[in-house]
Amino acid sequence: MTKIVKVKTGSKLEEISSYSRLVSVDNWIFVSNTAGRTPETKEIPDDVLEQTHQVFSNVEAALKAVGSSLADVVMSRVFIQNPADTEAVMTLIGEKFRGIDPATTVTCPPLGSTIYKMELEVTAFRGASNAEVEIINTAK
C-alpha cells in the first residue's frame, strides 16, 4: 500500500496556502520551494550566501524528518532573484551537491518578495545515495 507523509514546519504561509514543506510518496520525496528564513527566529539574512546556507539547512531538516538527506536528491530547481548572484550561489550549491550531481534547473524569476535572494526546490528518492550509479559522458 502506498504511504504518503506530509511534513509541516509551522510556517504561516504553509497554513494560508495549504501546502506542505515536504511530501513523500513511498520513496519519492518532494520538497517545496524553500527560502532562507530561519525557523526559530523567522528572520531572513540579507546576504545571498547566508540565505543559501539557511535554505540548505531548511531543506536538510525536512529531508531528515523522513529518513533522507541531500545525498538522495536527484533533481534541484534553483531560483535566484538577481542574475548577478548566479555565479556565487551556484558555486555554493556546487559545493553542497559535489558528488551527488542531481539534474538541475537554474532560473532568475522574480520571487514572492524582494527579501528573498534565492530559493531551492528538490526532488529526492529515498535510498538513491546507496544506489549503483552509472555515469555516461556524451562529450566528445
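So, here's what we can say about the structure.

Criteria and thresholds
- Residues numbered from 1 in each chain as written.
- Predicted model: local features only at pLDDT ≥ 70, side-chain atom pairs only at ≥ 80, totals over all residues.
- Heavy atoms only, no water.
- Buried < 20%, exposed > 50% of the residue type's maximum accessible area, 1.4 Å probe, protein only.
- Helix = DSSP H or I, 4+ residues; strand = E, 2+ residues; numbered from the N terminus.
- Arc of directions from axis to C-beta.
- Contact = heavy atoms within 4.5 Å.
- Pairing = 2+ DSSP bridges.
- Axes fitted to C-alpha atoms, helices over the stretch in contact; angles between N-to-C directions.

1. Regarding helix 3 (residues 86–96)
Along helix 3, the positions that sit buried rather than exposed are Val89, Leu92 and Ile93. Seen end-on, helix 3 carries its buried residues on one side only, within an arc spanning 100°. Counted as exposed and oriented over 90 degrees from the buried face of helix 3: Glu87 and Glu95. The inward-facing, buried residues of helix 3 contact helix 2 (48–65), strand 4 (73–80) and strand 6 (118–125).

2. Overview of the sheet that holds strand 2 (residues 22–25)
Two orientations exist for strands paired in a sheet by backbone hydrogen bonds: parallel and antiparallel. Reading across the sheet, the 6 strands line up as 1-2-3-6-4-5 and stay open at both edges, with mixed pairing between neighbours. Only two strands of the sheet have a single neighbouring strand rather than two, namely strand 1 (4–7) and strand 5 (103–107). Neighbour-to-neighbour, the strand axes of the sheet open up by a mean angle of 10°, direction not taken into account. Bridge count between strand 3 (residues 28–34) and strand 6: 5 bridges; the pairing is antiparallel. In the sheet register, threonine 34 faces strand 6, and the bridge partner there is leucine 120. Where helix 2 meets the sheet, its contacts fall on strand 1, strand 2, strand 3, strand 4 and strand 6, and the angle it forms with strand 6 comes to roughly 30°. Contacting strand 4, strand 5 and strand 6, helix 3 runs over the sheet at an angle of about 160° to strand 4.

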